[in-house]
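Per-entry structural report
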Protein chains: 2
Amino acid sequence: MRRLILDTAMKLFIEEGYDAVSMRKIASRIEYSPASIYTYFADKQDIFFELHNEGFTKLFRKQTDVQGILDPVQRLLSHGRAYLEFAFENPQYYDIMFIVRHPGERIIKDNTWECGMRSYDLLKRNVSECKNAGYFTNEEVDAVAFILWSTVHGIASLHIRQRLAIMELNKDYFTNLIENTLKLIRNLIR
Amino acid sequence: MRRLILDTAMKLFIEEGYDAVSMRKIASRIEYSPASIYTYFADKQDIFFELHNEGFTKLFRKQTDVQGILDPVQRLLSHGRAYLEFAFENPQYYDIMFIVRHPGERIIKDNTWECGMRSYDLLKRNVSECKNAGYFTNEEVDAVAFILWSTVHGIASLHIRQRLAIMELNKDYFTNLIENTLKLIRNLIR
DNA sequence: TTAATATACTAAACACTGTTCATTTTGTCA
DNA sequence: TGACAAAATGAACAGTGTTTAGTATATTAA
């Protein structure tokens, strides 16, 4: 039942966007009364937090798939590519994971963000291994990891929230956004 | 009257957040009926777009304040500092300008984003002048400008949407977020 | 001054929203 | 079959953005 609710919520969210996910719409799709949902979830925020968790499971799988790459710099770049690909392929998941307010409020309330930290720790490990291989010699692992995350998140969130829509003018650069970004990041690594 | 509505909307937005800005609340604060607002604004989105424009005016002023700096690298860094300071000092404005969905939808509809492009062009000019001074020799101006914007936006939006809340553990780095980020960016410039 | 027009404003309604609660239905175990 | 727990519900509460028909108030023209 929980599954059914979550799947329906995600389906609505993906098909029709955030505003389409109302308790009543979920309920009517599964032919239940709106009140029934509250047997399985405390509130709407709860549903979104669960979907947020599932998004992280998907992202983490995509990122671990790439951990086999031996060269640490190539591994770090592929890690970044996996992140950006995930964001561009699953904009709705990305939205709840990193942009929508609801999960952010829960992160504060719980004072923990397990799934988020798991992904971030993987990034830090990859940065750290680049450092061991002689890169980022003057920088702290934490600082580098954070700025890399910020950069890819910046691209993803500007795109998802439509702030790059008119940028299509400079199509040269923006058609191959991910690869160009990674190339530029590669150039900065030394 | 338009001003009164905008000021009230912004006051509510700043004081009590996005959810507090309802047509009825704005109306009751100015002791008008909700329907009256529709004489001055087409819809709620219209109000937010206007506030979004005002945010850009504020940001642009802050950024031009710094254009007097002669050294192009120092100027670019100060430009970035101004952006980040604006975001951290005016999170609600930043939110409507770069994160909230409403203005994004209008950008698509109008197929233009004047105020956004004005700011972005200033950034490109600063990058370009660094290039003229012998930096970023192997990179395109557009690419550098874009990745710099992404980076600072990434930081700002992760912060504003509460995804750095638990990061306070590593206070060493995160207390002086802006300066540390700029220092790191400085190290990457060559 | 009066009549006509334009502007400003509103009450009421429409179709929604998340959530709660008393009540009923259903399922399981003794 | 009876008892108890779990699941499901209709109805209501208080809220949302927006529309519409109608009224009050200015402004302009004769």
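Points about the protein's contact with DNA strand C
Taken together, 14 residues lie near DNA strand C, and Arg24 of chain A together with Tyr32, Ser33, Ser36 and Tyr40 of chain B sit nearest. Sugar and phosphate atoms form 55% of the subset of DNA strand C atoms that lie within 4 Å of the protein. Here Lys44 of chain A contributes a backbone N or O atom positioned 2.9 Å from a phosphate oxygen of DNA strand C. Secondary-structure elements contributing two or more residues to the surface near DNA strand C are α2 (23–29) and α3 (34–40) of chain A together with α3 (34–40) of chain B.

Details of the layout of surface pockets
With a probe scaled to a water molecule rolled over the atoms, the places where space remains empty come into view. Approximately 870 Å³ is the volume attributed to the largest pocket. Lining the largest pocket are 30 residues, with Tyr18 and Arg161 of chain A together with Tyr18, Arg101 and Arg161 of chain B positioned closest to its centre. Residue assignment for the lining of the largest pocket shows that the elements contributing at least two residues are α1 (2–16), α6 (91–99) and α7 (101–110) of chain A together with α1 (2–16), α6 (91–99), α7 (101–110) and α9 (141–160) of chain B. Looking at the second largest pocket, its volume works out to about 450 Å³. Secondary structure elements with two or more residues in the lining of the second largest pocket: α9 (141–160) and α11 (177–188) of chain A together with α9 and α11 (177–188) of chain B. Broken down by class, the residue content of the lining of the second largest pocket amounts to 16 nonpolar, 5 polar and 3 charged.

Thoughts on the relation of the copies chain A and chain B
Mapping chain A onto chain B calls for a screw motion: a turn of 180° about the axis and a shift of 0.0 Å along it, with 0.0 Å RMSD after fitting. Here the copies are linked by what is in effect a two-fold axis. When the interface residues of chain A are mapped onto chain B, 100% of them are again interface residues, pointing to one common binding face.

Digging into a nonpolar patch on the surface
Together, Met1, Leu4, Tyr32 and Tyr40 of chain A make up a nonpolar patch on the protein surface, roughly 350 Å² of accessible area in all. Residue Leu4 of chain A is classed as partly exposed on the basis of its relative accessible area of 41%.

Looking at the domain arrangement of chain A
All names here are of chain A. With domains assigned, chain A is organised as domain 1 (1–41) and domain 2 (43–188). Spacing between the C-alpha centres of domain 1 and domain 2 amounts to 28 Å. Listed as interface residues are 15 residues of domain 1 and, on the opposing side, 13 residues of domain 2. In this assembly, domain 1 packs against domain 2 so that about 1,300 Å² is buried in total across both faces, 73% of it on carbon and sulfur atoms. Inspection of the domain 1/domain 2 interface yields 2 salt bridges.

Observations concerning the interface of chain A and chain B
Taken residue by residue, the interface counts 50 residues in chain A and 50 residues in chain B. For the pair chain A and chain B, the summed buried surface comes to about 4,500 Å²; carbon and sulfur atoms form 66% of the total. For the chain A face of the interface with chain B, the top three residues by lost area are Phe146, Arg163 and Ile166 of chain A, together amounting to 17%. Where chain A touches chain B, the interface holds 2 salt bridges. Residue Asp95 of chain B is joined to Arg101 of chain A by a salt bridge in which the shortest nitrogen-to-oxygen separation is 2.5 Å. On inspection of chain A and its partner chain B, the count reaches 14 residue pairs in polar contact (both at pLDDT 80 or more). At the level of elements, α6, α7, α8 (114–132), α9, α10 (171–174) and α11 of chain A are the ones that each hand at least two residues to the side of chain A that touches chain B. Top contributing element to the side of chain A that touches chain B by residue count: α9 of chain A, with 14 residues. Residues belonging to the side of chain A that touches chain B are distributed by class as follows: 30 nonpolar, 12 polar and 8 charged.

Calculation criteria
Residues numbered from 1 in each chain as written. Chains lettered and ligands numbered in written order. Predicted model: local features only at pLDDT ≥ 70, side-chain atom pairs only at ≥ 80, totals over all residues. Heavy atoms only, no water. Near = heavy atom within 4 Å. Polar contact = N/O pair within 3.5 Å; in protein donor to acceptor, adjacent residues only side chain to side chain. Helix = DSSP H or I, 4+ residues; strand = E, 2+ residues; numbered from the N terminus. 1 Å grid on protein atoms, 1.4 Å probe; cavity = no way out; pocket = protein on both sides within 12 Å on 5 of 7 lines; lining within 4 Å. Points joined across faces, edges and corners; volume = space filled by probe spheres on them. Nonpolar A, V, L, I, M, F, W, Y, C, P; charged D, E, K, R; others polar. Least-squares fit on C-alpha atoms with pLDDT ≥ 70 in both. Contact = heavy atoms within 4.5 Å. Patch = residues over 30% accessible without salt bridge, like charges linked within 9 Å, V, L, I, M, F, W, Y side chains within 5 Å. Areas by Shrake-Rupley, 256 points an atom, 1.4 Å probe, with all protein chains shown as cover. Salt bridge = Lys/Arg side-chain N within 4 Å of Asp/Glu carboxyl O. Buried < 20%, exposed > 50% of the residue type's maximum accessible area, 1.4 Å probe, protein only. Domains from an automatic or database assignment. Buried area = accessible area lost by both parts, 1.4 Å probe.

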